[in-house]
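# Structure assessment
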Amino acid sequence: MAGIAVLGTGAWGTALARLLATEHARQAGELDPLPVALWDHHADRAVRMAQARENVDYLPGFSFPRHLLVTGNLAEAVSDREVVLVVTPSQKVREQAAAIASLLSPGAIVVSASKGIELHTKLRPTQVIAEELPQGTPIATLSGPNLAVEVAKGLPAAAVVASRDPAAAERVRALVTAPRFRVYVSDDPVGVELGGALKNIVALGVGISDGLGYGDNAKASFMTRSLAEIARVALAAGANPMTLAGLSGLGDLIATCSSPLSRNRTLGLALAEGRNLDEVLAERKSVAEGVTTTQAALELAESLGVEMPVTREIARVLFEGKDVTEAVTDLMLREPRHELHGFGDGGSQDE
């Protein structure tokens, strides 16, 4: 059992596969490199990518390394792989996990690189995967400030791999670390996954703020208070709140809220122009996870007894047609609180 499979040919899945195939070919030199497979659920698209040696739909301009296998055959991608990375939209993770359950080799590590929360079940991707795979399968999550295009360009980046299984986390770290992709380990998949999921909601709000021309003071204030909201939810879910000060929390928040490459931020910019959500989404190939995560996060927060005022206002803008300037005003006029309100013993969780 050797090699890595990457399931999902969006920009991030493609960038990861390119990174891994390039790095393991470099390490191998003249020897056989560690096999890396990139799987697409559309067999015909996989054939086109294999022939073009490029993902023209989601990561154009970046050619595939010679040793990267591109396939539409799931068994070919997954069988005998030591690590299987699931890089699909969060609402497709369950379907993907179920499809690979009978194909995994004993001891294979399954890693979620998806950032979201499953609607209605309120489960994180690793929880969804665990429900669909044989009991005892090592499961981890990979997250951080990882904009796909920058990783594809070979620009320096860092990430964190988290698992309740320390050996699995260390093995994944060793396999995915590269000279320009530094990976840390964590034993807090709850905090890592919630940080990666919930920051997409914040990026929607930052895009709205930037689109309205509210300036850097407003943006910094919004991001900071939103991070406190994320940390409260994570704490209630059993996470270490300090995880949110790391790469999957603050780091991912900064990247997603500041980059013109961020799908969620650019969606917020479009909403600030007064455009209709369905119209904007229909124009896009890639998924903006913040939309479904907003709904799922409110369901999760309700089950945990945590208030999410920022997320609630974003939801009113997305799903109820609330005017964006009215939403900002309502947030600004909320009852003032101690800055650390909600983190002390017995304190209300309200913002």
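Report follows, based on the coordinates. If you're wondering where the values come from, they're calculated on a predicted model, not measured in any experiment.

Procedures and definitions
Residues numbered from 1 in each chain as written. Predicted model: local features only at pLDDT ≥ 70, side-chain atom pairs only at ≥ 80, totals over all residues. Heavy atoms only, no water. Helix = DSSP H or I, 4+ residues; strand = E, 2+ residues; numbered from the N terminus. Rg over C-alpha atoms; globule rule 2.2 N^0.38 Å. Contact = heavy atoms within 4.5 Å. Areas by Shrake-Rupley, 256 points an atom, 1.4 Å probe, with all protein chains shown as cover. Lys, Arg positive; Asp, Glu negative; His and termini not counted. Charge placed at Lys NZ, Arg CZ, Asp CG, Glu CD. Core = buried A, V, L, I, M, F, W, Y, C linked by side-chain atoms within 4.5 Å. Buried < 20%, exposed > 50% of the residue type's maximum accessible area, 1.4 Å probe, protein only. Salt bridge = Lys/Arg side-chain N within 4 Å of Asp/Glu carboxyl O. Axes fitted to C-alpha atoms, helices over the stretch in contact; angles between N-to-C directions. Left-handed = near helix turned anticlockwise from the far one by under 90°. Nonpolar A, V, L, I, M, F, W, Y, C, P; charged D, E, K, R; others polar. Parallel < 35°, antiparallel > 145°, perpendicular 65-115°, else oblique. Pairing = 2+ DSSP bridges. Right-handed = clockwise from strand over helix to strand, strands pointing away. Phe/Tyr/Trp six-rings, centres within 6.5 Å; stacked < 30°, edge-to-face > 60°.

## Describing the overall build of the protein chain
Summing up its helical and strand segments, the protein chain has 15 helices and 10 strands in all. Taken over the C-alpha trace, the protein chain has a radius of gyration of 20 Å; the compact-globule value for 351 residues is 20 Å, and the two agree within 12%. On the principal axes, the C-alpha backbone points of the protein chain span a range of 65 × 40 × 35 Å. Partitioning the intrachain contacts of the protein chain with sequence separation of at least 6 by distance along the chain shows that 73% fall at a separation of at least 24. As presented, the protein chain carries roughly 15200 Å² of accessible surface, and 52% of it is formed by carbon and sulfur atoms. For the protein chain, the distance from the average site of its 32 positive side-chain charges to the average site of its 42 negative ones is 5 Å.

## Brief notes about the nonpolar core
By size, the foremost hydrophobic cluster in this structure holds 42 residues, and its most contacted members are Ile117, Leu194, Leu198, Val202, Cys257 and Leu267. Where this core is concerned, the elements lending two or more residues are helix H8 (189–211), helix H9 (215–236), helix H10 (247–258), helix H11 (263–272), helix H12 (277–282), helix H13 (290–304), helix H14 (309–320) and helix H15 (324–332). It is H8 that contributes the most residues to this core, 10 residues altogether. With residues near it in sequence (within four places) discarded, Val202 still touches Phe222, Met223, Ser226, Ile230, Leu253 and Cys257. Of all hydrophobic cores here, the second largest spans 40 residues; its members include Ile4, Leu85, Ala159 and Ala168.

## Some details on the pattern of salt bridges
If charged atoms from side chains of opposite charge come close, those side chains can pair. Enumeration over the complete set of coordinates arrives at 20 salt bridges. We note a salt bridge from Asp210 to Arg265, for which the minimum N-O separation is 3.1 Å. Placement of Asp210 in helix H8 and of Arg265 in helix H11 is noted, with a sequence separation of 55 residues between them. Note that Arg312 and Glu307 form a salt bridge whose closest N and O atoms lie 2.6 Å from each other. Classification of Arg312 as partly exposed rests on a relative accessible area of 26%. Several salt bridges share partner residues, and in doing so they unite Arg94, Glu118, Glu131 and Glu132 into one network.

## Comments concerning the packing of helix H4 (residues 93–100) against helix H5 (residues 125–132)
Where H4 contacts H5, the axes come no closer than 8 Å and their chain directions differ by 35°. Crossing of H4 against H5: the hand is right-handed. Residues Val93, Arg94, Ala97 and Ala98 of H4 form the contact with H5, whose participating residues are Pro125, Val128, Ile129, Glu131 and Glu132. Tallied by class, the residues present in the contact of H4 with H5 amount to six nonpolar, no polar and three charged.

## Thoughts on the packing of H8 against H14
Any two packed helices are characterised by the angle at which their axes cross and by the distance between the axes. Two elements in contact, H8 and H14, have axes separated by 10 Å at closest approach and are oriented at 65°. Of the possible angle classes, the one that applies to H8 and H14 is roughly perpendicular. Considering the relative orientation of H8 and H14, their crossing is left-handed. Residues Ile201, Leu204, Gly205 and Ile208 of H8 form the contact with H14, whose participating residues are Thr311, Ile314, Val317 and Leu318. Tallied by class, residues from the contact of H8 with H14 come to six nonpolar, two polar and no charged.

## Side note on the pairing of strand E7 (residues 109–112)
Of the two faces of E7, the one holding Ile109 and Val111 and the one holding Val110 and Ser112 are both buried throughout. Of the strand pairs in this sheet, strand E6 (residues 83–86) and E7 are connected by four bridges, and their pairing is parallel. Across the sheet, the residue bridging to Val86 is Ser112, located in E7. Regarding the hand of the β-α-β motif, the stretch spanning E6, H4 and E7 is right-handed. Where E7 meets strand E8 (residues 139–143), three bridges bridge the pair, whose relative direction is parallel. Counted as the bridge partner of Ser112 is Thr141 from E8. Following the chain from E7 across H5 to the adjacent parallel E8, one finds a crossover that is right-handed.

## Concerning the packing of aromatic side chains
Tallying each qualifying case throughout the model produces one aromatic pair. Ring centres of Trp12 and Phe181 lie 6.4 Å apart, and the angle between their planes is 55°; on these two criteria the pair is classed as tilted. Taken together, the positions of Trp12 in helix H1 (residues 11–28) and Phe181 in strand E10 (residues 181–186) put the pair 169 residues apart, joining distant regions of the chain. The class for Trp12 is buried, based on a relative accessible area of 15%.

## Digging into the environment of Thr141
Residue position: Thr141 is located in strand E8. In the structure, Thr141 is positioned 19 residues away from Val160 in sequence and 8.1 Å away in space, judged by C-alpha atoms. Look past the residues within four positions of Thr141 in its chain and what remains in contact with it is Val111, Ser112, Thr126, Val160, Val161, Ala162, Pro189, Val192 and Glu193.

Coordinates in, geometry out; function isn't part of it.
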